[in-house]
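In case you want the letters, here they are:
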Amino acid sequence: MNTIRQRKGIKNTEVSEDYAAQEENVKLEHKLPSGGSSRRLWETLSFTLGGTIALCVGVLTSVYLATLHENDLWFSNIKEVEREISFRTECGLYYSYYKQMLQAPSLMQGLRGLMYDNKTESMRTINLLQRMNIYQEVLLSILYRVLPIQTYLEPVYFYIYTLFGLQAIYVTALYTTSWLLSGTWLSGLLAAFWYVTNRIDTTRVEFTVPLRENWALPFFAVQTAAVTYFLRPNLQPLSERLALLAIFVSTFLFSLTWQFNQFVVLLQALVLFTLDSLDLLPALKASWLYSIQIAGLLLVCALQFLNSMILGSLLISFNLSVLTARRLQKNLKTGNFLNRLGKLLLHLFVVLCLTLFLNNIIKKTLNLKSDEHIFKFLKAKFGFGATRDFDANLYLCEEAFGLLPLNTFERLSDTLLFSAYLFVLCVTGTAALVGALHNLSDSTHRQPTGSVGKGAVSLRPATAYNFMHSILFGLLALSTMRMKYLWTSHMCVFASFGLCSPETWELLLKAIRLYNPKRMCVMRYSVPILTLLYVSYKFWPEVMAELSELREFHDPDTVELMNWINSNTPRTAVFAGSMQLLAGVKLCTGRTLTNHPHFEDSSLRERTKAVYQIYAKRPAEHVHGLLRSFGTDYVILEDSICYERRHRPGCRLRDLLDLANGHTLVTAAGRGDGWTSTK
């Protein structure tokens, strides 16, 4: 069991929107420097200052997280085997391929070893570049080999510093998105402050460094910033093309680095579909974004040797269905309210049917089963019937895949983030609802930008996109705690944008009949500045206390196990055990495994279930036969599984296995719990 013990002594730029109402709102601010040249100088200085602050905040956040990682583990002082053990579960598996590439005699031999790997799964040869998202490990190993840094930077530090460096890009992208939405870099600064002060709920990079999401989320944030910029009205052709290029590259990199890419991008596609249907988004730009999502995923599919999970993804089927349905229903956005509503419902039905039909055809044609465990999990999670399926129950019983705990909102409220978020969400939601109803009711005077006329409530396409983005990813986080990091980081962006947005304060002040441009300007800057001061005053001591607390990684049992394996077993030995521990065995010893934590393969899931029979009520001869069929030489049994107390009865690993094997839980007062066979 890994433990941590106490270490022993030792202004703002106004981004041009070409939007008449907003220009009227901010004309007071333009009076500060008189004259066109003075205004341009002011904007240039403000842009330079805002950009410099963005870079500084990003770098400081990266250094802060790297320092926490060092202080928690004393990473610079512990042994190499302890460093590797600190990469827990699947993190260790991914890092092992980086290590494998560096230990290969040449790059070509290293790549060949990954493409024809027979040590990750015993008695099988698999293409790891097809099965897993490890191109980042390949790229880093190549860079470490060719760059002149080997003499003063250890491979493990090159790896973790790259990931902490990506956090600088992540925070800078969040800062930029908020700045683009509000028109002032002050909102970007507030977003970055909230990201850091809510670190427990916005990132886990400091203790799960090689995790796939830590590679992917920075590119996802860059993509969101690029989409936000692309949705601005009246962009110059060159700016539009550059924005599309940035969206494509960031979408591709995001998809290449995380196996759950298709599900996240599918939610983005649903955001586009909703806004396009309600005429809150320019249809042409929505089509471009649909196409880029398909192109990015197909390019990843090609690099992963036609990965079946990508080919059978709902995203590709959905986007193709939307583009097809749009061609079939060319007059979707004409007619009165009831007419348009009927067409919208028909459009939704056509897209849904086409998506299911196309996805079903692809999966049956290619015999794809890679993601069936996810749909079994979702079916059971949302109450569409109980299941005995081992894989689905394994997810259901993990806290990370449960509902978002209520104490999350308490922590977010302590920094005023959640309160500000709800406030902005209500104001923006009102504007979105009014805008959608207006567009559906008035098909003859629709504006191509997706915003309503000057006399009504206005909502820009970029604002509408980020609003729906926040709603859908919020629902995902509420249903599955592990996905909260997609929501909470964007919550920082959306809340800070709203507090600094002239649109928010204009709508609110008009609602209470107190609006004038000067008062709106005062609210726009005073509220975020006061919030920044409060957050800094309350949480600066806590941040300093965190940085001064020194701990040390301490797991002598696992260290002893790895040393024993290295000293007493042949290099060709095959080990069976829990997925989590075997990932460490692969990294620390290089021995062959029977199973591992990368669960996105149907045959591996079956193999894992078979190996786990060592913890089930099965005859010894039967279990021995299963293990020998995988070429097993050694089995690692863990007390933490045999005498498990972390999960409730019915959710312990041995209970899940017995349930899948056809046993039924029986309880009696005073006698605890037990199982009886139904066969």
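About the criteria used
- Counting restarts for each chain, with residues numbered from 1 along the sequence as it is written.
- Given that this is a predicted model, residues contribute local features only at a pLDDT of at least 70 and side-chain atom pairs are listed and counted only at 80 or more, while totals for whole chains, interfaces and linings are drawn from all residues.
- In computing side-chain properties, one takes all heavy atoms of the structure into account and sets aside hydrogens as well as water.
- Note: two strands are recorded as paired if DSSP finds a minimum of 2 bridges between them.
- Helical segments are the DSSP runs of H or I of at least four residues, strand segments are the runs of E of at least two, and each set is numbered from the N terminus.
- Residue count minus one, scaled by 1.5 Å, sets the expected span of a helix.
- Relative accessible area decides the class of each residue, using a 1.4 Å probe on protein chains only: under 20% of the type maximum gives buried, over 50% gives exposed, and in between gives partly exposed.
- When a carboxyl oxygen of Asp or Glu lies within 4 Å of a side-chain nitrogen of Lys or Arg, that pair is called a salt bridge.
- Aromatic contacts are taken between Phe, Tyr and Trp rings whose centres are within 6.5 Å, Trp giving its six-membered ring; a plane angle under 30 degrees counts as stacked, one over 60 as edge-to-face, and the others as tilted.
- Whether a charge sits over a ring depends on NZ of Lys or CZ of Arg being within 6 Å of the ring centre and within 35 degrees of the ring normal.
- In what follows, a disulfide is any cysteine sulfur pair within 2.5 Å.

Asker: An account of the sheet that holds strand β4 (residues 592–593) is needed here, citing residue identities and associated values.
Answerer: Strands sit in the order β4-β3-β5 across an open sheet of three strands; the sheet is parallel. Single-partner strands in this sheet number two, and they are β4 and β5 (634–635). Judged from the two bridges that link them, strand β3 (residues 574–576) and β4 form a sheet pairing that is parallel. When the bridges of β4 are listed, F575 appears paired with L593.

Asker: Describe helix α4 (residues 90–103), with residues and values.
Answerer: Between its first and last C-alpha atoms α4 spans 20 Å; for 14 residues at 1.5 Å apiece the expected length is 20 Å, and the two agree. Burial of α4 is extensive: eleven of the 14 residues sit out of reach of the surface. Residues E90, C91, G92, L93, Y94, Y95, S96, Y97, Y98, K99 and M101 constitute the buried set of α4.

Asker: Give me the lowdown on helix α14 (residues 283–303), citing residues and values where you can.
Answerer: With 21 residues, α14 should reach 30 Å at 1.5 Å per residue; the first-to-last C-alpha distance of 31 Å fits that figure. Regarding α14, the residues found buried are K285, A286, S287, L289, Y290, I292, Q293, I294, G296, L297, V300 and C301. Two residues or fewer after α14 comes F305, characterised by a positive phi angle close to 55°.

Asker: Quick rundown of the pattern of salt bridges? Include the residues and the values.
Answerer: Going through the model one piece at a time under the given rule, you end up with 22 salt bridges. The shortest N-O distance in the salt bridge between E206 and R199 comes to 2.5 Å. Grouping residues by exposure puts E206 and R199 together as buried. E503 is the partner of R460 in a salt bridge, and the nearest nitrogen-oxygen pair spans 2.7 Å. Here the residue R460 occupies a position in the loop between α21 (417–441) and α22 (461–479), and E503 occupies one in helix α24 (residues 502–511), the gap between them amounting to 43 residues. Taking relative accessible area as the criterion, R460 reaches 4% and is therefore assigned buried. In the salt-bridge network here, residues are joined through shared partners; they are E121, R124, R131 and D601.

Asker: Requested: an account of the packing of aromatic side chains, with residues and values cited.
Answerer: Scanning the model with the defined rule gives 31 aromatic pairs in all. Judged by centre distance (4.8 Å) and plane angle (80°), the ring pair of Y395 and F401 falls under edge-to-face. This pair shows no difference in class: Y395 is buried, exactly as F401 is. A centroid spacing of 4.9 Å and a plane angle of 50° characterise the contact between F409 and F418, whose relative ring orientation is tilted. Each member of the pair, F409 as well as F418, is classed as buried. Grouping aromatic residues by their ring pairs yields a cluster made of F75, F87, Y95, Y98, Y157, Y159, Y161 and W215. Residue placement shows R212 over the ring face of Y94; its charged tip is 3.9 Å from the ring centre. A cation over a ring is seen here: K510 above Y515, with NZ or CZ 5.2 Å from the ring centre.

Asker: Go over the state of the cysteines, please, and point to the residues and values.
Answerer: Every disulfide links exactly two cysteines, by a covalent bond between their sulfur atoms. Within this structure, the stated rule accounts for one disulfide. C397 shares a disulfide with C651; S-S distance 2.0 Å. Residues C397 and C651 are joined through a disulfide that is left-handed, its torsion about the S-S bond being -75°. Residue C397 is located in the loop between α19 (390–396) and α20 (407–414), and its partner C651 is located in the loop between α30 (639–642) and α31 (653–660); the two are separated by 254 residues in the primary sequence.

Asker: Give a description of unusual backbone geometry that names residues and reports values.
Answerer: Of note in the backbone geometry, W74 takes a positive phi value of approximately 55° without being a glycine. Checked against the element boundaries, W74 lands in the loop between α2 (36–73) and α3 (80–85). Phi angles above zero are rare outside glycine, and L416 is one such case at about 70°. As for its placement among the helices and strands, L416 is situated in the loop between α20 and α21.

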